[in-house]
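What the coordinates show
Listed below, chain by chain, are the residues.
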Amino acid sequence: MSQINLTINGESVQAESGMTILAAARAAGIYIPTLCHHTELDSYGSCRLCVVEIGSGERKKVVASCLYQVAEGLVVETESEKIKGFRRTILNLLMHRWDKIPAELLERYGAKSQERFVDNMTYCILCGLCVRYCHEIKGANVLGFIGRGTIRQVVIFPNQSAKYCADCCPDDMECLDFCPTGVINSHYYGARPADGQKLPHAHPVCINEDMNILEIFERVGNV
Ligand code: SF4
Ligand code: SF4
Ligand code: FES
C-alpha cells in the first residue's frame, strides 16, 4: 500500500492506494450520501447517489465514488451544482418508490415529488444489499433480481431458500438487517419457528404489488 495525495473539495486528503474515493472522503470526514453501499459488502454502484465530479476544466467527468479508486493528484468535487442536480433527480425518482427517504437528504438536495413520475411504492429501492449479503456473506444465492427497468424487483428463489436459509441463518433472517427501507421485513411471510425447528420457506419477498409473484417464479423456473 502506498500513500496517495488527492484533493477533495479543495482540501488536501491522504489515502492509501486501492481505496475508493468514497472511503477516502469518509476517512477525511467529508460527506457523500449513499444508499447501496455497505462496508461489509463489495461495491455495487446501483443507486448512483454517491456520484462525484473528478478532474478539472474540459476533462471533468462524473463517477460513482463507491467504485472509483483514488489516484495521485486526483481532484474531486463532491457537491458541485452538477452533482447536486444528479442527486436531486435520483431522489425525485426514488421518492416514488419509497416515501420515507430521510427528510434531511431530500432537503439537502432540494428533492421534490414530481407529477411526471408515477408512484410505484414498492418500498424497495433496488439497492441489492439483501441480495449481496446472501450471496457474498452467506454464499447462499437465495435472493436475486429479476426484470429490468420499472419491473425490476427482488425475489426469493424458494428452492434455494428451502435448501439454505435455516442452516445459513439459524437464529435470525440476517438479510433483514441489511434492508435500508425495512420493506423486506414487511413482506416477511412466515414466522421463525420455535427453537430447533426448520421452516422451508420462512422468508421475505420484496413484491411489486402490480406483479403476480407466481408468474415471476414461473419465469425464473422456480415452481
Ligand atoms: S435468511 Fe436466507 S436469504 Fe436471508 S441471508 Fe440468510 S440464507 Fe440468505
Ligand atoms: S428489499 Fe431492501 S435491501 Fe433488498 S434491494 Fe430492496 S430495499 Fe434493498
Ligand atoms: S453508493 Fe455508490 S452507487 Fe450507490
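Residues numbered from 1 in each chain as written. Chains lettered and ligands numbered in written order. Predicted model: local features only at pLDDT ≥ 70, side-chain atom pairs only at ≥ 80, totals over all residues. Heavy atoms only, no water.

A word on the site of ligand 2. In the neighbourhood of ligand 2, twelve residues make up the surrounding shell, with Cys124, Cys127, Gly128, Cys130 and Cys179 lying closest. Across the shell around ligand 2, the residue classes break down as ten nonpolar, two polar and no charged. (Near = heavy atom within 4 Å. Nonpolar A, V, L, I, M, F, W, Y, C, P; charged D, E, K, R; others polar.)

This brings us to the nonpolar core. Within the largest apolar cluster, 37 residues are counted, with the highest numbers of intra-cluster contacts made by Leu35, Leu49, Leu91, Ile101 and Leu143. Looking at this core, the elements that each hand over two or more residues are helix 2 (81–94), helix 3 (103–109), helix 4 (129–137), strand 6 (143–146), strand 7 (153–156) and helix 5 (158–168). Setting aside residues no more than four positions away along its own chain, Leu49 makes contact with Pro33, Thr34, Leu35, Arg87, Ile90, Leu91 and Leu105. By size, the runner-up hydrophobic cluster in this structure holds 20 residues, among which are Ile4, Leu6, Ile32 and Cys66. (Core = buried A, V, L, I, M, F, W, Y, C linked by side-chain atoms within 4.5 Å. Buried < 20%, exposed > 50% of the residue type's maximum accessible area, 1.4 Å probe, protein only. Helix = DSSP H or I, 4+ residues; strand = E, 2+ residues; numbered from the N terminus. Contact = heavy atoms within 4.5 Å.)

Here the focus is the packing of aromatic side chains. Scanning all chains against the criterion turns up two aromatic pairs. Ring geometry for Tyr44 and Phe145: centres 6.3 Å apart, planes at 5°, overall stacked. Of this pair, Tyr44 sits in the loop between helix 1 (21–27) and strand 3 (51–54) while Phe145 sits in strand 6, and the two are 101 residues apart along the sequence. Overall, Tyr44 belongs to the partly exposed group, its relative accessible area being 31%. Where Tyr133 meets Phe178, the ring centres are 4.3 Å apart and the plane angle is 35°; that geometry is what we call tilted. One end of the pair, Tyr133, is in helix 4; the other, Phe178, is in the loop between helix 5 and helix 6 (183–186), with 45 residues separating them in the sequence. (Phe/Tyr/Trp six-rings, centres within 6.5 Å; stacked < 30°, edge-to-face > 60°.)

This model, assessed by the stated rule, comprises six salt bridges. Two residues, Glu77 and Lys60, come together in a salt bridge whose shortest N-O distance is 3.0 Å. Remark: Lys60 occurs in the loop between strand 3 and strand 4 (61–64) and Glu77 occurs in strand 5 (residues 75–77); sequence separation between them is 17 residues. With a relative accessible area of 30%, Glu77 lands in the partly exposed category. Looking at Lys60, the relative accessible area reads 33%, which means it is partly exposed. Residue Glu79 is joined to Arg87 by a salt bridge in which the shortest nitrogen-to-oxygen separation is 3.1 Å. You can call Arg87 buried: its relative accessible area is 0%. (Salt bridge = Lys/Arg side-chain N within 4 Å of Asp/Glu carboxyl O.)

Bringing the sheet that holds strand 1 (residues 3–8) into the picture now. The mixed open sheet is built from five strands, whose spatial order is 2-1-5-3-4. Each end of this open sheet is capped by a strand with a single partner; those strands are strand 2 (11–16) and strand 4. The mean inter-strand angle of the sheet, taken between neighbouring strand axes irrespective of direction, is 40°. Sheet topology note: the strand 1/strand 5 ladder contains two bridges and is parallel. Within the sheet, the bridge partner assigned to Thr7 lies in strand 5 and is Val75. Against the sheet, helix 2 touches strand 3, strand 4 and strand 5, its axis set at about 160° to strand 3. (Pairing = 2+ DSSP bridges. Axes fitted to C-alpha atoms, helices over the stretch in contact; angles between N-to-C directions.)

Computed from the structure, the largest pocket encloses a volume of approximately 460 Å³. In terms of lining, the largest pocket is formed by 17 residues, of which the most central are Ile90, Leu93, Leu94, Arg97 and Leu126. (1 Å grid on protein atoms, 1.4 Å probe; cavity = no way out; pocket = protein on both sides within 12 Å on 5 of 7 lines; lining within 4 Å. Points joined across faces, edges and corners; volume = space filled by probe spheres on them.)

What follows is about the environment of Lys112. Following the sequence through the fold, Lys112 ends up in the loop between helix 3 and helix 4. Its relative accessible area of 57% is what places Lys112 among the exposed residues. Sequence separation of Lys112 and Thr89 is 23 residues, and the distance between their C-alpha atoms is 9.0 Å.

All right, on to the side chain of Ser65 then. Position of Ser65 relative to the elements: it lies in the loop between strand 4 and strand 5. Judged by relative accessible area, which is 0%, Ser65 ranks as buried. A distance of 2.7 Å separates a polar side-chain atom of Ser65 from the backbone oxygen of Cys50. If near-sequence neighbours (up to four positions away) are discounted, Ser65 is found in contact with Thr20, Ile21, Leu22, Ile32, Cys50, Val51 and Val52. (Polar contact = N/O pair within 3.5 Å; in protein donor to acceptor, adjacent residues only side chain to side chain.)

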